[in-house]
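Summary of the model geometry
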Amino acid sequence: KADIFQEVALQEVLRLHSIVSSNRWEDVCKRAWLPDGPCQHSSLLNLWEADSETLAADENLHATISSDPLWDPVLRQPADLEVWAANVIRNISRVVSANALQLTYTVDDSIGDPDGRTLKFELNDFIDTCLDFKSELIEASCAATSSYADLNERETQQNVIFVIASLMVMISYITFYLFRCNVVESRFTLGLTIVITVGLALCFALGICGYVGIPFTLLSFLSIFVLLGVGIDDMIIIVDALDRQAQGMQLVDEQCVVLALRDVGASILLSTMTDFVALFIGSFIDLPAVTYFCITAALAVFAVFLIQVTFFVACLALDVRRRRAKRCELCPCFKAVPRSNEREYSFKIGTERCLTANREISLGTERNGLTRPIEREYSCKIGTERRLFTKYSLQRREIASILARQLSAWSKIVVFVFIIMAAAFATTAVNFLKTGSDWSLFLPDGSYLLDFYDVRDKTFGEFEEVVFVSGRVRVEDQNHLAAVADLSFRVARVQ
């Protein structure tokens, strides 16, 4: 937090190093030069051979650090203080202070990690030790090779709860849309089938991706939100088409489902193919995470359509059959019994129909016989009522027309102002757009890796390493040494 070259601060750094190296570090470390050589640990602590007593015995720490050239006695090679320490302040040739140190531990992954020892050291020993380290003098931030994969796995596990919560919200929305107080007309359980549809579609897409070797990522898992939107939207369209087909029909049967699917099936297929093609084109972006997401989402969207026109439509037909049989939704084994007022209403309607039929018979008898004036009086009364109703309808249409004209004028002004504002915002926003990205955009908020990059950028600055990976190099072979020297010479000449 102040001068990291003070003895008390260096002792705290050495304490952290002792905790890390006391675990499985000796078993997984990469040895220097020989199979039984020292572990490759690069830090300022190597000047005192990472020993607390040697550090305490050094009476002039700044003089040791200011040595020129600086020599690493553990790895037996020259060292660079700017790699070990950040923001080094010098007084001519003497080092005065610095505010951060960088410790690097190199693990041996040349033979892979068959028993998981390297991974356990990085996550359990190194990362957990660093995060649990407490000190009043120094703050520790850490990162490992497997940190990004570890954070991805942790975030995926945490997002399972979020996905379950979102599913509950969507189920509540579907329930509100399909629920009716009538136990026969309610279609609450039908809404649950769309959740099953989305789950089956996602499993289908992940199964195909796993078969062809496409890895499962956090972005691929989040495609479930796209599927929920597409699946629920198509479900509402199909159910609404069924309700429109059933209007005016006394008896609704499975034929209405066929007519509804014939009415909106082509539109759903067209929108599905549009989404599929758009996501398929997005899979050609040269970013693996985006590519995997687009492929998974495209397969899942197409699977949603296939499952909806088979599984969901079959469930819809079963629900129509249940409603036609007047069976309860949650207990389909029981039929709903009409209430007393419903029976009374049916009796009243039947009585009125009988009276109407008797009146028609009476009028027919009068036409053949005696009472023509009664018929004319009845027709005049009906005609007068029709004229009054027509006049009232015309007045309502005139009022609606006047309101429509007034609203039309204001809506044009609102739309015109909105377009002008949108164009102005779009024009000015171009100047504020920033191109490029950094690792922080791909990491969850509050992660230890995000803290590490933040501290590193503030202390050591933003930098990128250029690494050349070669095959096996034999130091006793002069041709190999000449090739390495030539590569080093070419890199040094790059401007």
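**Considering the overall build of the protein**
Helix and strand content of the protein: 16 helices and 8 strands. Looking at the protein as shown, the accessible area adds up to about 33,200 Å², and 61% of this sits on carbon and sulfur atoms.

**Examining unusual backbone geometry**
One non-glycine residue with positive phi stands out, namely Glu49, at about 55°. One can find Glu49 in the loop between strand 1 (41-42) and helix 3 (52-57). Of note, Ala50 is a non-glycine position whose phi angle comes to about 50°, a positive value. Along the polypeptide, Ala50 turns up in the loop between strand 1 and helix 3. Among the residues examined, Ala50 registers a relative accessible area of 24% and is labelled partly exposed.

**Describing the confidence of the model for the protein**
Predicted confidence across the protein gives a mean pLDDT of 76, with 76% of residues reaching 70 or more. The secondary structure element of the protein with the lowest average pLDDT is helix 13 (residues 340-368), at 45, and the one with the highest is strand 7 (residues 100-101), at 90. Ignoring residues within four places in sequence, the model shows residues 363-390, a span with pLDDT below 50, making 6 contacts including any to other chains.

**Digging into helix 6 (residues 117-132)**
If you check which residues of helix 6 are buried, you get Thr118, Phe121, Glu122, Leu123, Asp125, Phe126, Ile127, Thr129 and Cys130. In the core, the buried residues of helix 6 are packed alongside helix 1 (7-21), helix 2 (25-28), strand 8 (104-105), helix 7 (147-178) and helix 15 (448-459).

**Regarding a nonpolar patch on the surface**
Judged by side-chain polarity, Trp410, Ile413, Phe416, Val417, Ile420, Met421 and Phe425 come together as a nonpolar surface patch covering roughly 780 Å² of accessible area. One can find Phe425 in helix 14 (residues 372-429). Phe425 gets classed as exposed once you look at its relative accessible area, which sits at 57%.

**Here's the deal with the nonpolar core**
By size, the foremost hydrophobic cluster in this structure holds 43 residues, and its most contacted members are Phe5, Leu44 and Leu81. Mapped onto this core, the elements with two or more residues apiece are helix 1, helix 2, helix 4 (61-65), helix 5 (81-84), helix 6 and helix 15. Residue contributions to this core peak at 6 residues, all from helix 1. With residues near it in sequence (within four places) discarded, Phe5 still touches Leu10, Leu44, Leu61, His62, Ile65, Leu81, Ala85, Val95, Ser97, Ala98 and Leu101. Counting 23 residues, the second largest nonpolar core, distinct from the first, contains Ile232, Leu242, Cys256 and Val264.

**Some thoughts on helix 1**
Relative to the 21 Å expected for 15 residues at 1.5 Å per residue, helix 1 spans 20 Å between its end C-alpha atoms, a close match to the ideal helical length. By the burial criterion, the buried members of helix 1 are Ala9, Leu10, Glu12, Val13, Leu14, Leu16, His17 and Val20.

**Describing the state of the cysteines**
A complete count under the given rule lists 1 disulfide for this structure. A disulfide bridge connects Cys29 with Cys39, and the sulfur atoms are separated by 2.0 Å. Residues Cys29 and Cys39 share a disulfide whose torsion about the S-S bond is about -50°; that sign makes it left-handed. Of this pair, Cys29 sits in the loop between helix 2 and strand 1 while Cys39 sits in the loop between helix 2 and strand 1; the two residues are 10 residues apart in sequence, bridging distant segments of the chain. For the pair shown, Cys29 and Cys39 are each scored as buried.

**Quick word on the side chain of Thr193**
Checked against the element boundaries, Thr193 lands in helix 8 (residues 188-212). Here Thr193 falls in the buried class, since its relative accessible area comes to 9%. If we ignore the near neighbours within four places in the chain, the residues touching Thr193 are Phe311, Phe312 and Cys315.

**Here's the deal with the packing of aromatic side chains**
As enumerated under the stated definition, the model contains 5 aromatic pairs in all. Ring centres of Tyr105 and Phe126 lie 5.7 Å apart, and the angle between their planes is 65°; this geometry places the pair in the edge-to-face category. Here Phe126 lies in helix 6 and Tyr105 lies in strand 8, a separation of 21 residues in the sequence. In this structure Phe126 comes out as buried when scored by relative accessible area, which is 14%. By the ring-pair criterion, three or more aromatic residues cluster together here, those being Phe276, Phe280, Phe284 and Phe302.

Thresholds applied
Throughout this document, residue positions are counted from 1 along each chain, in the order its sequence is written. The model is predicted, so local features are restricted to residues of pLDDT at least 70 and side-chain atom pairs to those at 80 or more, both for listing and for counting; the totals for chains, interfaces and linings are taken over all residues. Side-chain numbers come from the whole structure's heavy atoms, not from hydrogens or water. Runs of H or I in DSSP of at least four residues are treated as helices and runs of E of at least two as strands, each being numbered from the N terminus. In this description, accessible areas are obtained by the Shrake-Rupley approach with a 1.4 Å probe, and a residue is regarded as covered only by the protein chains that are shown. The buried label goes to any residue with under 20% of its type's maximum accessible area, the exposed label to any with over 50%, and the partly exposed label to all in between, with areas taken from a 1.4 Å probe on protein chains only. Known as pLDDT, the predictor's per-residue confidence is scaled from 0 to 100. What makes two residues a contact is simply this: any of their non-hydrogen atoms within 4.5 Å. Patches were defined on residues exceeding 30% relative accessible area and lacking a salt bridge, with like-charge contacts within 9 Å and nonpolar side-chain contacts (Val, Leu, Ile, Met, Phe, Trp, Tyr) within 5 Å. Each salt bridge in this description consists of a side-chain nitrogen of Lys or Arg and a carboxyl oxygen of Asp or Glu lying within 4 Å of one another. Residues grouped as a nonpolar core are buried Ala, Val, Leu, Ile, Met, Phe, Trp, Tyr and Cys residues, joined through side-chain atoms within 4.5 Å. Expected span of a helix: the number of residues minus one, times 1.5 Å. Pairs of cysteine sulfur atoms within 2.5 Å are what we label disulfides. Each aromatic pair joins two rings of Phe, Tyr and Trp (for Trp, the six-membered one) with centres within 6.5 Å, and gets the label stacked for planes under 30 degrees apart, edge-to-face for over 60, and tilted for any other angle.

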